[in-house]
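# Topology and contacts: notes
What follows is each chain in one-letter form.
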Amino acid sequence: MPPSSLRVVYAFAREMHPKTTDIFIEYGTAGFRTKASLLEHVVYRMGLLAVIRSRCKNGRTIGMMITASHNLEPDNGVKLIDPDGEMLEQSWEEIATRLANVSDNDLESTTGQIIKEVNADMGLKASVFIGMDTRYTSPRLAAAAVHGVMALKGTAREFGIVTTPMLHYCVKCRNDNTYGTPTEEGYYEKIVGAFKRIRQTLPVYGKYSTTLHVDGANGVGGKKLNIIKKTLDGELDLVLFNLGGNGGKLNLNCGADFVKVSQKPPVGVEHVPFQRVASLDGDGDRIVYYYLDDNNRMHMLDGDRIATLLASYITELLKSCAAPSLALGLVQTAYANGASTNYITQQLKVPVTCVKTGVKHLHHAALAYDIGVYFEANGHGTVVYSNNAKNTIKKIAEEGEPEQRKAASLLLNFIDMTNETVGDAISDLFLVETVLCARGHDARDWHAAYTDLPCRQLKVAVQDRNAITTADAERQCTAPEGLQTRIDELVAEYKDGRSFVRPSGTEDVVRVYAEADTQESADKLAAQVAQAVFDLAGGVGDRPELPA
Ligand code: NG1
Ligand code: ZN
């Protein structure tokens, strides 16, 4: 592509997607995310970048997802998906940020510079898959994405409304056809098909009930489960609520993030004691379970619980397959409840790696194991299997003793049911339901594995959240000076106390996490640490209050 044809990059920008704000925007934990009204030019420019990225990857397909996940309705966002279905390579985040922030007048030259810098062969074909969540601002942004792709003569394929993990899956399949068919139907066939095959071999017994209530967060995940529900042939009775009708607002008082952070059940369902409920987030990549007891007390079955459930079941199957040489490990972040980490290392005897927040870090660390289970406490996670693991299990399924073959075949279906590209609420739901069914367990049995330490998350608004820097997988605060010492002093006053702070990558706040032996202590510790952040890191607005 001769440099003169970059003229159209400017023309599209000026005529259709001009930059109308000077607010600096950064490619964060999950791409760009802010008020939808500030994003059109950013999404257009990411369309350009996706084409350049595709050409850098020899014409392999790149994904673009328009979503703001668990954020409320007025927000939106965009993130790029790399050819293997994983998050955009980290070194490109700075390039994305640069391209998003230049003026329209400098867009053409900056695009040219980037093409040179990354050495993209603009003569190659380029392919970009575009998906969006259910926000009313998404179609307009998806159109801007298409224009970005067209401006650099790439081919855009629009998937319409899909969950984030479905798009990751389709990108992966398009670039590696051994993984599956790159369509929504292909996704259902693989994941739901594997679930149904397993169900035919596992009788429903014990305390397991095939009824599962699901909170769709008024987003895309619930809508897709509504399609899947009709094909389940009674293997699982999904009772779906918060599907987006009846004035329900996206993620408002519902959904995985609301449930996990507020530790409250979502609106929209009648609460029956011990009923198993799952909550998805707005774009269908997170899931947490919970139940209420007969005192209306909520018991959370979050990402840590899902990780331990899956890791223990896979370990069991590996034993039955007699494949002990395969190393299984678990990856968490500092938000993982301390009790879960103890349980994993001491009871399950599974090694744990702790990494920085953000799935890209977890995913990467999980790849170091033959079988890596990774979950953020908020319910975002999956399992990844190395080729060595897959080949070993396949071989046992074909050549092993009858009992080993049985376990290995089950495990192969379990692998097919897993969306290995990224955390996926729908895939995770089927994985969890499979383990509970196989064990004849209800939600209480699942919860009985260990007792969570009470915890609390708070947010503090500060002048510049990046004034907070961290080390040791975010467990230590390295700036501003004196803050870590203050946190250490506060933590020392509480039994089982632990607390850390970090700047959010998706909101303009500093997040505070605390846990301790009682809820009262966890609440108080969190509030004290929030005050320390406010005082030492330039808090704005009202000073955080201590609990009464
Ligand atoms: P930030 O805003 O950086 O804390 C949140 C979640 C992450 C991750 C991203 C992307 C927490 C504490 N943080 O990031 O784990 O899921 O959103 O959606 O849950
Ligand atoms: Zn999400």
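Scroll up for the structure.
All of the points below concern the structure found in this document. On a predicted model such as this, the values are computed, not experimentally measured, just so you know.

In terms of regular secondary structure, the protein chain is built from 18 helices and 19 strands. Computed over C-alpha atoms, the radius of gyration of the protein chain comes to 23 Å, within 12% of the 24 Å expected from 2.2 N^0.38 for 548 residues, which places it in the range of a compact globule. Projected onto the principal axes, the alpha-carbon positions of the protein chain cover approximately 70 × 60 × 50 Å. Taking all 548 residues of the protein chain together, the buried fraction comes to 61%. In the protein chain, of all internal contacts separated by at least 6 residues, the share reaching a separation of at least 24 is 70%. Computing the positive centroid from 58 side-chain charges and the negative centroid from 68, the protein chain places the two 4 Å apart.

Its 15 residues give helix α14 (residues 402-416) an end-to-end C-alpha distance of 21 Å, which sits within 8% of 21 Å, the value for a rise of 1.5 Å per residue. Restricting attention to buried positions, one finds in α14 the residues A407, A408, L410, L411, N413, F414 and I415. Contacts from the buried residues of α14 go to α7 (184-201), α10 (303-321), β14 (381-385), α13 (387-399) and α15 (425-439).

Those donors, S69 (OG), D281 (OD), D283 (OD) and D285 (OD), are the protein atoms that reach the zinc ion (ligand 2), and they lie 2.0 to 2.1 Å from it. For the zinc ion (ligand 2), the four donor atoms in the first shell make angles of 89 to 165° at the metal, so the coordination geometry reads as irregular.

To continue, consider the environment of T61. Within the secondary structure layout, T61 lies in the loop between α2 (40-56) and β2 (62-66). Distance in space between the C-alpha atoms of T61 and I81 is 9.0 Å, their sequence separation being 20 residues. Residues within four places of T61 in sequence aside, it is in contact with P83, S127, F129, V171, R174 and N175. In terms of polar contacts, T61 uses its side chain to reach the side chain of S127, at 2.6 Å.

This part takes up the packing of α10 against α14. With their axes 7 Å apart at the nearest point, α10 and α14 run at an angle of 145° to one another. Our pair here, α10 against α14, has a crossing hand that is left-handed. Contacts between α10 and α14 pair L310, Y313, I314, L317, L318, S320 and C321 from the former with E403, Q404, A407, A408, L410, L411 and F414 from the latter. Its residues assigned to classes, the contact of α10 with α14 comprises eleven nonpolar, two polar and one charged.

So, on to the pairing of strand β3 (residues 75-81). The side chains of a regular strand alternate, residue by residue, between the two faces of the sheet. With seven of seven residues buried, β3 lies mostly within the body of the structure. With burial as the criterion, each face of β3 is covered, one bearing D75, G77, K79 and I81 and the other bearing N76, V78 and L80. When strand β1 (residues 32-35) meets β3, the two strands line up antiparallel, connected through four bridges. Within the sheet, the bridge partner assigned to R33 lies in β3 and is G77. Pairing geometry for β2 and β3, over four bridges, is antiparallel. Following the sheet pairing, I66 is matched in β3 by V78.

Further remarks concern the sheet that holds strand β15 (residues 455-460). Overall, antiparallel pairing links the three strands, which are arranged β15-β19-β18 in an open sheet. Two strands in the sheet have a free side with no partner beyond their single neighbour: β15 and β18 (498-503). Mean inter-strand twist for the sheet, computed between neighbouring axes without regard to direction, equals 15°. Along the sheet, helix α18 (residues 519-536) makes contact with β15, β18 and β19 (510-515), crossing β15 at roughly 20°.

Right, let's talk about the side chain of K190 for a bit. Within the fold, K190 resides in helix α7. No salt bridge is formed by the buried K190; its nearest oppositely charged neighbour, D416, is found at 4.1 Å. The residues contacting K190, other than those within four sequence positions of it, are Y169, Y179 and D416.

Attention now goes to the site of ligand 1. What surrounds ligand 1 is a group of 15 residues, the closest being R502, S504, G505, T506 and R511. Alone, ligand 1 offers 430 Å² of accessible surface; in the complex the protein occludes 95% of this.

Let us look at the nonpolar core. Among the nonpolar cores identified, the biggest contains 82 residues, and Y289, I314, F414, L429 and F430 are the most heavily contacted of them. Broken down by element, the residue count for this core peaks at ten residues, all from α10. Not counting chain neighbours up to four residues away, the residues in contact with I314 comprise L328, I371, V373, V383, Y385, L411 and F414. Grouped together as the second largest cluster of nonpolar side chains are 47 residues, F12, L88, I95 and A151 included.

According to the stated counting rule, one finds 36 salt bridges in the structure shown. E40 serves as the salt-bridge partner of R140, at 2.7 Å between the closest nitrogen and oxygen. With R140 in helix α5 (residues 138-151) and E40 in helix α2, this pair connects stretches of sequence that are 100 residues apart. A residue is classified by how much of its surface remains accessible, and E40, at 17% relative accessible area, is buried.

Okay, the side chain of K79 next. Here K79 lies in strand β3. Buried K79, no salt bridge; nearest opposite-charge side chain is D285, N-O distance 4.0 Å.

Glancing now at the sheet that holds β2. Strand order across the open sheet formed by five strands is β1-β3-β2-β4-β5, with mixed pairing between neighbours. Lying at the two open borders of the sheet, with one neighbouring strand each, are β1 and β5 (155-161). Pairs of neighbouring strands in the sheet enclose a mean axial angle of 15°, with direction left out of account. Against the sheet, α5 engages β2, β3, β4 (127-132) and β5, with an angle of about 175° to β4.

Parameters and conventions
Residues numbered from 1 in each chain as written. Chains lettered and ligands numbered in written order. Predicted model: local features only at pLDDT ≥ 70, side-chain atom pairs only at ≥ 80, totals over all residues. Heavy atoms only, no water. Helix = DSSP H or I, 4+ residues; strand = E, 2+ residues; numbered from the N terminus. Rg over C-alpha atoms; globule rule 2.2 N^0.38 Å. Buried < 20%, exposed > 50% of the residue type's maximum accessible area, 1.4 Å probe, protein only. Contact = heavy atoms within 4.5 Å. Lys, Arg positive; Asp, Glu negative; His and termini not counted. Charge placed at Lys NZ, Arg CZ, Asp CG, Glu CD. Expected span 1.5 Å × (residues − 1). Donors = N, O, S within 2.8 Å, 3.2 Å for Na, K, Ca; no water. Tetrahedral: all angles 85-135°; square planar, octahedral: opposite > 155°, others 65-115°. Polar contact = N/O pair within 3.5 Å; in protein donor to acceptor, adjacent residues only side chain to side chain. Axes fitted to C-alpha atoms, helices over the stretch in contact; angles between N-to-C directions. Left-handed = near helix turned anticlockwise from the far one by under 90°. Nonpolar A, V, L, I, M, F, W, Y, C, P; charged D, E, K, R; others polar. Pairing = 2+ DSSP bridges. Salt bridge = Lys/Arg side-chain N within 4 Å of Asp/Glu carboxyl O. Near = heavy atom within 4 Å. Areas by Shrake-Rupley, 256 points an atom, 1.4 Å probe, with all protein chains shown as cover. Core = buried A, V, L, I, M, F, W, Y, C linked by side-chain atoms within 4.5 Å.

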